[in-house]
Amino acid sequence: MKILVTGGAGYIGSHAVRALIEAGREVVVLDDLSTGFREAVHPDAKFYNMDIHDGEALDKLFRAEDIAGVIHFAAFSQVGESMKKPLKYYDNNLSGTLSLIKAMVRNGVKYIVFSSTAATYGEPERVPILESDRTQPTNCYGETKLAIEKMMKWTGGAHDLHYVALRYFNACGAHPSGEIGEAHDPETHLIPLILQVPLGKREAISVFGDDYPTKDGTCIRDYIHVCDLSDAHILALDYLMDGGGSDVFNLGNGEGFTVKEVIETARRVTGHPIPAEMCPRRAGDPAQLVASSEKARSILGWKPRYNDLETIIQTAWDWHRNHPNGY
């Protein structure tokens, strides 16, 4: 029985594929390569270059490959773009997932682990954030992910679909082998943006606001290594296949770091001064976003392995230094 990974040529998806193969699983990857990279797909995975909206092609894949479960990463994920092009996000994220779930129901595939997001919460009611907290997204990207969670819930009751939605925070780092890592165009994530400075791709890193109610005035975020995310997806799929009930889990380190702390850690790792420029706040940036992951730890048995910031940034630096232009 094989595992289908949609979006398996993307940043998190490619790491999950590698983790599955290292765990001895048979893996099938589906990706249209609109944002992913064929070079990121593990050579032992069978690859389908196809559009998730193509129901007929999905049926052929499910019939040909004897798929036992799905890990679903295929989505657009740029928050800013989602606000300017909401229909693009509804079409790809929501409509694409609808097509996938329809095909799963038609072909009797009962298990799906969904790559959700902390953006489903919007402005947090408290820190750390619990899975039971209010979900009120403040951007279109988060809204599409929350709509997918609800679609899986109602479909599960009607069609015996079993799902786990993993809401995670700031994915970062790269595989310790240095063979795969983060490559986005445009890049919006803090750590790779910082590392562009020692790579000579920008003169300084911009810090948006230093007057927040935090220990140094800059925003606090929860950074989680991409390999730890991969482990959680496999644990979630095994949990479902072992009879676990559909559920939602946060994934984070439970510890936040300020923007200034991330920059200072990057300076130590790279040995570069990394100048920082203070800029006005960006609209909609909460002062603090940190997850409680106790539920994932207790129910899934998840234990992050890369939970110190220096190790996380070192793996990212090893990747970016050797792949300054991505794949």
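The structure this text deals with has already been given above.
The rules behind these values
Residues numbered from 1 in each chain as written. Predicted model: local features only at pLDDT ≥ 70, side-chain atom pairs only at ≥ 80, totals over all residues. Heavy atoms only, no water. Helix = DSSP H or I, 4+ residues; strand = E, 2+ residues; numbered from the N terminus. Rg over C-alpha atoms; globule rule 2.2 N^0.38 Å. Buried < 20%, exposed > 50% of the residue type's maximum accessible area, 1.4 Å probe, protein only. Contact = heavy atoms within 4.5 Å. Pairing = 2+ DSSP bridges. Phe/Tyr/Trp six-rings, centres within 6.5 Å; stacked < 30°, edge-to-face > 60°. Salt bridge = Lys/Arg side-chain N within 4 Å of Asp/Glu carboxyl O. Expected span 1.5 Å × (residues − 1). Polar contact = N/O pair within 3.5 Å; in protein donor to acceptor, adjacent residues only side chain to side chain.

Enquirer: When you look at the overall build of the protein chain in this model, what are you seeing that I'm missing?
Expert: Counting secondary structure elements, the protein chain contains ten helices and 14 strands. The globule rule puts the C-alpha radius of gyration for 327 residues at 20 Å, and the 19 Å found for the protein chain is close to it. Projecting the C-alpha coordinates of the protein chain onto the three principal axes gives extents of approximately 55 × 40 × 40 Å. Counting the 327 residues in the protein chain, one finds 55% classified as buried. Excluding contacts between residues fewer than 6 apart, the proportion of contacts in the protein chain whose partners are at least 24 apart in sequence is 76%.

Enquirer: How do you make sense of the sheet that holds strand S14 (residues 288-289) when you look at a structure like this?
Expert: Whenever strands of a sheet pair, they do so through backbone hydrogen bonds, lying parallel or antiparallel. Pairing in this open sheet of three strands is mixed, and the strands run S12-S9-S14 from one edge to the other. Taken across any chain shown, the strands that pair with only one partner, and hence form the sheet edges, are strand S12 (257-258) and S14.

Enquirer: Any chance you could explain the pairing of strand S11 (residues 247-251) here in plain terms?
Expert: Consecutive residues of a regular strand have side chains that alternate between opposite faces of the sheet. Burial within S11 is extensive, with four of its five residues counted as buried. Here five bridges tie strand S6 (residues 162-168) to S11, and the two strands are oriented parallel to one another. Across the sheet, Arg167 pairs through a bridge with Asn250, a residue of S11.

Enquirer: Where do I start with the packing of aromatic side chains in this structure?
Expert: Here the distance between the centres and the angle between the planes together describe a pair of aromatic rings. The final tally for this structure, using the stated rule, is four aromatic pairs. With centroids separated by 4.9 Å and ring planes inclined at 50°, the aromatic side chains of Trp319 and Tyr327 adopt a geometry described as tilted. Residue class for Trp319 comes out buried when judged on its relative accessible area of 0%. Assessed through its relative accessible area of 26%, Tyr327 is described here as partly exposed. Counting every residue linked through ring pairs, the aromatic cluster contains Phe37, Trp319 and Tyr327.

Enquirer: Which parts of the structure should I look at to understand the pattern of salt bridges?
Expert: Pairing of side chains with opposite charge becomes possible as their charged atoms draw close. Under the defined criterion, the tally for this structure stands at 17 salt bridges. Here Asp160 ties to Lys110 by a salt bridge, and the two come within 3.0 Å at their closest N and O atoms. Taken together, the positions of Asp160 in the loop between helix H5 (140-159) and S6 and Lys110 in the loop between helix H4 (86-106) and strand S5 (111-117) put the pair 50 residues apart, joining distant regions of the chain. The class of Asp160 is partly exposed, set by a relative accessible area of 36%. For Lys110, a relative accessible area of 37% corresponds to the partly exposed category. Arg267 serves as the salt-bridge partner of Glu264, at 3.1 Å between the closest nitrogen and oxygen.

Enquirer: Please explain H4 as it appears in this structure.
Expert: Residues lying three or four places apart along an α-helix face the same way, a consequence of the helix completing one turn every 3.6 residues. The first and last C-alpha atoms of H4 sit 29 Å apart over 21 residues, in line with the 30 Å expected at 1.5 Å per residue. Of the positions making up H4, those classed as buried are Tyr89, Asn92, Asn93, Gly96, Thr97, Ser99, Leu100, Ile101, Ala103 and Met104. Of the surrounding secondary structure, the elements contacted by the buried residues of H4 are strand S1 (2-6), helix H2 (55-65), strand S4 (67-72), helix H3 (79-84), S5 and H5. One or two residues past the end of H4 sits Gly108, with phi positive at roughly 70°.

Enquirer: Any chance you could explain unusual backbone geometry here in plain terms?
Expert: Most peptide bonds are trans, and most residues other than glycine sit at a negative phi. With an omega of 0°, the peptide bond between Val127 and Pro128 qualifies as cis. Assignment of secondary structure puts Pro128 in the loop between S5 and H5. Phi angles above zero are rare outside glycine, and Leu33 is one such case at about 60°. Among the secondary structure elements, Leu33 is positioned in the loop between strand S2 (26-31) and strand S3 (46-49). Judged by its relative accessible area of 26%, Leu33 is partly exposed. Of note in the backbone geometry, Asp160 takes a positive phi value of approximately 55° without being a glycine.

Enquirer: Is there a simple way to think about H5 in this case?
Expert: Look at H5: 28 Å from first C-alpha to last across 20 residues, which is about the 28 Å you get at 1.5 Å a residue. Residues Cys140, Tyr141, Gly142, Thr144, Lys145, Leu146, Ile148, Glu149, Met151, Met152, Thr155 and Gly156 constitute the buried set of H5. Where H5 is buried, its residues touch H3, H4, S5, S6 and S11. Looking at where H5 begins, the residue whose side-chain oxygen comes 3.3 Å from the main-chain nitrogen of Tyr141 is Asn139.

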